Amino acid sequence: MSIDSAEISSPKRENMFLNLGFNLLLPIVILRKGDEWMGESLANFTDSAPDSAIVGTIILLLAISFPVSYGILDLIRRRKWNFFSILGSISALLTGGIGLLPGANVLMFAIKESALPAILGMITIITLRTKKPLVRLFLYNPEIIKVSLVEHKLKELGTKSHFDKLLVKCTWLIGLSFAVSAVLNFILSRMIVVTEPSVDKIAFNDEVGQMMGWSLPVISIPCMVVSGYAFWLLIKGIRKFTGLSMEEVMAQAPQNSGN
């Protein structure tokens, strides 16, 4: 009983639509359309050219402000760091920052696009040797699974070592999904983003926006398939090693009215 109460009293789950909107969609839209929507106004305000570094920096800071502010509010509300806000801030900073660098080129952008998922994949694998592997954020998360209940059952049945091996397998699958994302990001970037930012920053931003649009079907779906398979293995393993059903394990499963 105490285990279920601990799970129920944990911080409430965040709104996924707000998460995606503030951490991904709004920064992308501002980076792509900021020059068009605010370029002239900011140029008049700062007494500079619409395509100047000052205007570009303001637009970049505005794009970063959304994931940063969302992350701070989420930290206050749920008392935990929002990993996706941190990731969104870094991604927006790198994407916009490359366009502002004097010697930036499209190859640098392609490397950046592939470097971020590659680094995440390596960190995911490396954290296997720590007390808090990153797979616990992506899959084995208290907001998704009743972790305390599962851990209690594993210790009770003496199957924790078998489950830990399963977590290692799932971690490698998540690492593989990041590796696939890194390779596809680089290929897609080299195919679409061909205008040097120093030649035409507006065209460069448009191409970056096009790439972001194509990245959903070309990159996200294959990665979701791999991650979905890893999650399926995890749930299957939990059933096998604890005897708990999926309804008993899922953190957001409907509660009995008799509680």
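As the structure is a prediction and not an experimental result, all values here were calculated from the model.

### Here's the deal with a nonpolar patch on the surface
Working step 1: Judged by side-chain polarity, Leu107, Ile111, Val183, Phe186, Ile187 and Met191 come together as a nonpolar surface patch covering roughly 550 Å² of accessible area.
Working step 2: Breaking the nonpolar patch down by element, the ones donating at least two residues are helix 5 (106-126) and helix 8 (160-192).
Working step 3: At 4 residues, the largest contribution of residues to the nonpolar patch is made by helix 8.

### Thoughts on the pattern of salt bridges
Working step 1: According to the stated counting rule, one finds 4 salt bridges in the structure shown.
Working step 2: Measuring nitrogen to oxygen at the nearest pair gives 2.5 Å for the salt bridge that ties lysine 112 to glutamate 113. Each of the two residues, lysine 112 as well as glutamate 113, counts as buried.
Working step 3: In this structure, a network of salt bridges that share partners links the residues Glu151, Lys160 and Asp164.

### Regarding the confidence of the model for the protein
Working step 1: Per-residue confidence for the protein averages 78 on the pLDDT scale, and 81% of its residues sit at or above 70.
Working step 2: The weakest mean pLDDT in the protein belongs to helix 1 (residues 2-8) at 46; the strongest belongs to helix 7 (residues 147-157) at 92.
Working step 3: Predicted confidence for residues 1-10 stays below pLDDT 50, and this span has 11 contacts to residues more than four positions away or in other chains.
Working step 4: Contacts from residues 254-259, a stretch scored under 50 in pLDDT, to residues over four places away or in other chains number 2 contacts.

Cut-offs applied
- Residues numbered from 1 in each chain as written.
- Predicted model: local features only at pLDDT ≥ 70, side-chain atom pairs only at ≥ 80, totals over all residues.
- Heavy atoms only, no water.
- Patch = residues over 30% accessible without salt bridge, like charges linked within 9 Å, V, L, I, M, F, W, Y side chains within 5 Å.
- Areas by Shrake-Rupley, 256 points an atom, 1.4 Å probe, with all protein chains shown as cover.
- Salt bridge = Lys/Arg side-chain N within 4 Å of Asp/Glu carboxyl O.
- Helix = DSSP H or I, 4+ residues; strand = E, 2+ residues; numbered from the N terminus.
- Buried < 20%, exposed > 50% of the residue type's maximum accessible area, 1.4 Å probe, protein only.
- pLDDT = per-residue confidence, 0-100.
- Contact = heavy atoms within 4.5 Å.

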